[in-house]
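As a plain string of letters, each chain reads:
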Amino acid sequence: MSVHVMSAPADDTVDCADLAARRHQNAVLSALLKDCAHGDQAALARFYELTSPWIYTLIARRTSSAAEADDEVVTVYAKVWRRSVDFAGAGQSALAWTTSIAFEGRTRRHRSRL
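Residues numbered from 1 in each chain as written. Predicted model: local features only at pLDDT ≥ 70, side-chain atom pairs only at ≥ 80, totals over all residues. Heavy atoms only, no water.

Student: Describe in detail the side chain of T63, supporting the description with residues and values.
Tutor: Locating T63 in the fold gives a position in the loop between α2 (41-60) and α3 (66-83). Reaching out from T63, the side chain makes a polar contact with the backbone oxygen of A60 at a distance of 3.4 Å. (Helix = DSSP H or I, 4+ residues; strand = E, 2+ residues; numbered from the N terminus. Polar contact = N/O pair within 3.5 Å; in protein donor to acceptor, adjacent residues only side chain to side chain.)

Student: So what about α3? Which residues, and what values?
Tutor: With 18 residues, α3 extends 25 Å between its outermost C-alpha atoms, agreeing within 8% with the 26 Å of an ideal straight helix rising 1.5 Å per residue. Every buried residue of α3 is accounted for by E68, A69, E72, V73, V76, Y77, K79 and V80. An end-on view of α3 places all buried positions within 165° of arc, on one side of the element. Along α3, exposed side chains directed more than 90 degrees from the buried face belong to D71, V74 and R82. (Expected span 1.5 Å × (residues − 1). Buried < 20%, exposed > 50% of the residue type's maximum accessible area, 1.4 Å probe, protein only. Arc of directions from axis to C-beta.)

Student: Can you break down the pattern of salt bridges residue by residue, with the values?
Tutor: Pairing is possible between side chains of opposite charge, provided their charged atoms come close. As enumerated under the stated definition, the model contains 3 salt bridges in all. As a salt-bridge pair, R22 and D18 come within 3.1 Å of each other at their nearest N and O atoms. Residue R22 and its partner D18 are located together in helix α1 (residues 16-37), separated by 4 residues, close to a single helical turn. Residue classification places D18 among the partly exposed residues on the basis of a relative accessible area of 24%. In this structure, E49 and R46 form a salt bridge, with 2.5 Å as the shortest nitrogen-oxygen distance. With E49 and R46 both in helix α2 and 3 residues apart, this pair spans about one turn of that helix. By relative accessible area, E49 is classed as exposed at 51%. (Salt bridge = Lys/Arg side-chain N within 4 Å of Asp/Glu carboxyl O.)

Structure, rendered in structure tokens:
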């Protein structure tokens, strides 16, 4: 099974195949989070494999070093593991939910420096 995290389209066109692929992607990622909630470490590893390039890029743009970005990514996925039981009621896609966890950490760290 191959699922890749996709980027947003450059224009406003909607490709039905792309929409179907995004729905499939979300279904796969959601299933992995549900498996994480049941203690499946392999599911977390696969979820990390599929989503970490996106999360790392978001975090790296807002940090001063690769080492800081690496540390924050580890923190994000530790939170994903602990909070995966809360995902079902989140009302978001799996990637959006994980992104919100990443931004939550960045916001706290930024505020603490002010």
